[in-house]
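# Fold and geometry: a report
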Amino acid sequence: MSKVALITGINGQDGSYLAEFLLSKGYEVWGTLKRNSVSENQSSRIDKDTFSRITLEYADMTDMSSVTRVLQLCRPDEIYNLAAQSHVRISFDQPVYTTEVTAVGVLNLLEAARLICPKARIYQASSSEMFGNNIDKDGYQRETTPLSPVSPYGCAKVYSYNICNNYKNSYNLFISNGILFNHESPRRGTNFVTNKVVKGAVQIKKGIKQDLTLGNLDATRDWGHAKDYVKAMWLMLQQDKPDNFVCSTGVSHSVKDLVEYTFNKLDLDWKQYIKTDPKFLRPEELRDLKGDSTKLRKLGWKPDYTFETMIDEMINYWVEIL
């Protein structure tokens, strides 16, 4: 029989790629959607072929009864919890909602799984935002780096990380945290800086808009491709024992690097078009992120994309779409 996998937040960037990957592995794939008043938006990232091969159910991480219902229906072998309010800047505007979904929502899922499918293997989407500005002396962040978040989103992720470790140890559940650094793709929301920059640059190239406004150009991030990172999620659940793993490329670039590379590829002088606005700055800035994924790479994982090939793919996508 095929393994059954449940992906919460299946309609997000990671969820859509993970669904495709698991289907290629022969899984029966279920996914949860949070109801949206515009139904077309609920599954826009899921292509027609994938849509026809998966089972979708409504659920909300803040509503434990709806999560319980889905677990009772599908009885999963593996659970990938990708549902969250995942925009860091917006978490300052909606701190309570972010905490309810991203922190308490995880507790709802764990408690439901403990009662209904305690043998299921659970992947929790943790985040490099948990580290805050803590960096080891060699310039990297890894599984042992102290957690000191600088946003409501990061704080919520620390809670979910810790409650997963607690449930793993208290109830002998198989729960692995993937501490993923920034990962992008053409499916990334356009309010995230990578796709905002790429789409904006293509719009400028095509004469659709005149300029692009950003926040902190000096912040550095370790950017990988979501396709590579969903493979890491699956790999974590195939191990003999649950554990926590950093997933990263080990290479960081600044927002300015991102801008320069994108505009240069389009034969544009970025200095003529980029503006900055304090409203895009965070109340407390996260300056640098760069991950050491040595532990994960020992399992056989390595990224196929580089920063440059990832951005090239995103540029080509928007050139075609626009």
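Report follows, based on the coordinates. None of these values were measured; they are calculated from a predicted model.

### Quick word on the nonpolar core
In terms of nonpolar packing, the biggest core is built from 33 residues, with Ile 7, Leu 22, Val 29, Tyr 80 and Tyr 123 touching the most fellow members. At the level of elements, strand E1 (4-8), helix H1 (13-24), strand E2 (28-33), strand E5 (121-127), strand E6 (174-180), helix H8 (226-236) and strand E11 (244-247) are the ones that each hand at least two residues to this core. The leading source of residues in this core is H8, at 8 residues. In contact with Tyr 80, other than residues within four places in its own chain, are Ala 5, Leu 6, Ile 7, Thr 8, Leu 18, Leu 22, Tyr 123, Met 233, Trp 234, Leu 237 and Gln 238. Formed by 27 residues, the second largest nonpolar core is a distinct cluster that contains Ala 201, Trp 223, Leu 268 and Phe 307.

### A short note on the sheet that holds E11
Read from one edge of the open sheet, 7 strands run E3-E2-E1-E4-E5-E6-E11, paired in parallel fashion. Of all strands in the sheet, those bounded by a partner on one side alone are strand E3 (54-58) and E11. Along the sheet, successive strands turn relative to each other by an average axial angle of 20°, direction set aside. As paired strands, E5 and E6 are joined by 7 bridges and run parallel to one another. Along E6, the bridge assignment pairs Ile 122 with Ile 175. Its contacts with the sheet put helix H6 (residues 152-171) on E5, E6 and E11, and the angle it makes with E5 is roughly 155°.

### Overview of the packing of aromatic side chains
In this structure the tally under the stated criterion is 9 aromatic pairs. When the ring of Phe 131 is compared with that of Phe 181, the centres are 6.1 Å apart and the planes differ by 35°; the resulting orientation is tilted. A residue pair is termed long-range when its members are at least 10 positions apart, and Phe 131 in the loop between E5 and H6 and Phe 181 in the loop between E6 and strand E7 (183-184) qualify at 50 residues. When sorted by exposure, Phe 131 lands in the same class as Phe 181, which is buried. One Lys or Arg, Arg 121, reaches over the ring of Phe 174 and ends 4.1 Å from the middle of that ring. Over the ring of Tyr 140 we find Lys 290; its NZ or CZ atom is 4.5 Å from the centre of that ring.

Rules and cut-offs
Residues numbered from 1 in each chain as written. Predicted model: local features only at pLDDT ≥ 70, side-chain atom pairs only at ≥ 80, totals over all residues. Heavy atoms only, no water. Core = buried A, V, L, I, M, F, W, Y, C linked by side-chain atoms within 4.5 Å. Buried < 20%, exposed > 50% of the residue type's maximum accessible area, 1.4 Å probe, protein only. Helix = DSSP H or I, 4+ residues; strand = E, 2+ residues; numbered from the N terminus. Contact = heavy atoms within 4.5 Å. Pairing = 2+ DSSP bridges. Axes fitted to C-alpha atoms, helices over the stretch in contact; angles between N-to-C directions. Phe/Tyr/Trp six-rings, centres within 6.5 Å; stacked < 30°, edge-to-face > 60°. Lys NZ or Arg CZ within 6 Å of the ring centre and 35° of its normal.

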